[in-house]
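The primary structure of each chain is shown beneath.
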Amino acid sequence: MFRVLKKDSSSRARLGIIETPHGIVETPSFVVVGTHAKVRELSSQDLIRAKTQLIISNTYHMWQKLGDKGLRKYPGLHESMNWQHPLMTDSGGFQVFSLGFARELGGGKIVTSQQSLATSENLVRITNDGVYFKVGDREQFLDATKSIWIQEKLGADIILAFDEPTSPLHNYKYNKEALARTHRWEEESLKAKTTNQKMYGIVQGGLFEDLRNESAKFIGSLDFDGFAVGGSFGSSFGGKEKTFRELDWVVPYLPENKPRHLLGIGLIQDLFIGVSKGIDTFDCVVPTREGRHGNIYTLQGRLDMTKGLYKEDGSVLDPDCGCEVCATKKITKAYLHSLFKAKNFEAGYLASFHNIYFFNNLMKTIRNSIAEGNFKDLMKKHVLL
Ligand SMILES: [Zn+2]
């Protein structure tokens, strides 16, 4: 399923190819998020023209949308998204976190200096067997067997084992207990699988070196087709710099000949650091979510197109970008600013298209640099270490 074509001599970066029944993915690669079986604003043709190789869709939200009955007769994500290219699904485990502790404590995946206290009701009840989600006045139960059943109905090429991500605010004792549950649920996920879809195991363990080591050794020894690294990541300098030292505690224990995915992480610096630490694929909602809100990504940084300073700026969005928005349509900052101000639908489309192309193209530049043996120099230009 995975071939390493070349290893970087200065880091753990590697060039590779993931093979799926719907085509290949050249790695390192960005994975576009299509939560409700679609990438908002963009058609599958748009995604191809923006150089997308792989899309990840969300198991929990598809289950909520279709129900068990709808899933039984569902034609599968490839058909319903009109996307005959590689696809993956998450396991629903992330919603254990996002609808649970992240709501209750107001925290994200990354430790910051300003964690607020309780904000919203925790909608999740975790037991040793699985997770109860509060939906209206009912509870719905999700466990490993159910997650895999749903993912088999969705039919993606790559599926994920069911896990429990923890918050950066959880202590050691909680992380240790959660990890024991996660490991058991992942073994159950492997047993539950009845199709030939490829399944990735997920390494957890929070911010604790011994738990990350233990998780990588255990999950790395199981018969998964690839591995994802999930959960919380620490930071330094009061939360401003992410160091991803957790990857140093994990990657050396994972098999070299299988692909590695970093869950839910993908800003420019993160991608370089992740690649240098041996990660092959990254999924992140940033290009589309921020595009809708007026932010475009360039090598000069993130630009907020809704700001007044762009009102009379007649320069092209990103003069260094080869995407059709910048290079063919030659959309200017002033024009995009006016579309956002008028709340015109096209604004989100143009910004999302450019952003997806930008991240896909950045990964292509990274792949070329590994092939040519100058990844380290490229990384130096983009990451202040
Ligand atoms: Zn562009």
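Residues numbered from 1 in each chain as written. Predicted model: local features only at pLDDT ≥ 70, side-chain atom pairs only at ≥ 80, totals over all residues.

1. Quick word on the packing of helix α5 (residues 144-154) against helix α6 (residues 172-192)
The condition is simple: Angles run from 0 to 180 degrees between N-to-C directions of axes, and those axes are lines fitted to C-alpha atoms, restricted for helices to the stretch in contact. Strands here mean DSSP runs of E at least two residues long; helices mean DSSP runs of H or I at least four residues long; both are numbered from the N terminus. Angular relationships are summarised with four words: roughly parallel below 35 degrees, roughly antiparallel beyond 145, roughly perpendicular across 65 to 115, and oblique for the angles in between. Left-handed describes a crossing in which the near helix is turned anticlockwise from the far one by less than a right angle; the clockwise case is right-handed. For the purpose of contact definition, each residue receives a C-beta atom placed from its backbone, and two residues are in contact when these atoms lie within 7 Å.
Between α5 and α6, the shortest axis-to-axis distance is 8 Å and the interhelical angle comes to 45°. The angle between the axes of α5 and α6 places the two elements in the oblique class. Crossing hand, α5 versus α6: right-handed. Contact residues: Ala144, Thr145, Ser147 and Ile148 in α5; Trp185, Glu188, Ser189 and Ala192 in α6.

2. Some details on the domain arrangement of the chain
The cut-off we apply is this: Segment limits for the domains were obtained from an automatic or database-derived domain assignment. Three classes are used, and their members are as follows: Ala, Val, Leu, Ile, Met, Phe, Trp, Tyr, Cys and Pro are nonpolar, Asp, Glu, Lys and Arg are charged, and the others, Gly among them, are polar.
Examined at the domain level, the chain breaks down into domain 1 (2-92 + 145-284) and domain 2 (301-352). Inter-centroid distance (C-alpha atoms) of domain 1 to domain 2 is 32 Å. Residues that form the side of domain 1 that touches domain 2 fall into these classes: two nonpolar, no polar and two charged.

3. Some points on the environment of leucine 247
Along the chain, the position of leucine 247 falls in helix α8 (residues 245-250). A C-alpha to C-alpha distance of 9.9 Å links leucine 247 and asparagine 213, two positions 34 residues apart in sequence. When sequence neighbours within four positions are dropped, the list of residues in contact with leucine 247 reads Val229, Gly274, Lys277 and Ile279.

4. Examining the sheet that holds strand β9 (residues 138-142)
We apply this condition: We call two strands paired when DSSP finds no fewer than two bridges between them.
Across the sheet, which stays open at both edges, the three strands sit in the order β7-β8-β9 with antiparallel pairing between neighbours. Strands at the two margins of the open sheet, each flanked by one partner only, are β7 (124-126) and β9. Recorded for the sheet is a direction-independent mean angle of 25° between the axes of neighbouring strands. Two elements, strand β8 (residues 131-135) and β9, share five bridges in a ladder whose sense is antiparallel. Within β9, the position partnered with valine 131 by the bridge is leucine 142.

5. Side note on the packing of α6 against helix α7 (residues 209-221)
Contact pair α6 / α7: the axes reach a minimum separation of 11 Å and the direction vectors enclose 10°. Judged on the interaxial angle alone, α7 and α6 are roughly parallel. Packed against α6, whose contacting residues are Asn175, Lys176, Leu179, His183 and Glu186, the element α7 presents Leu211, Ser215, Phe218 and Ile219 at the interface. For the contact of α6 with α7, a count of residues per class yields four nonpolar, three polar and two charged.

6. Here we look at unusual backbone geometry
Cis geometry marks the peptide bond from threonine 27 to proline 28; its omega dihedral reads 0°. Located in the positive-phi region is asparagine 82, a residue other than glycine, with phi close to 55°. Along the chain, asparagine 82 turns up in the loop between α3 (77-80) and β6 (87-89). The backbone of lysine 343 shows a phi angle near 55°, a positive value even though the residue is not glycine.

7. A word on the pairing of strand β2 (residues 14-20)
Looking at chain direction, strand β1 (residues 2-7) and β2 are connected through five bridges and run antiparallel. Paired with lysine 6 across the two strands is leucine 15, which belongs to β2. Counting the residues in the hairpin turn of β1 and β2 gives six residues. In the sheet, β2 pairs with strand β3 (residues 23-27) via five bridges, with the strands oriented antiparallel. Among the inter-strand pairings, threonine 20 is bridged to a residue of β3, identified as glycine 23.

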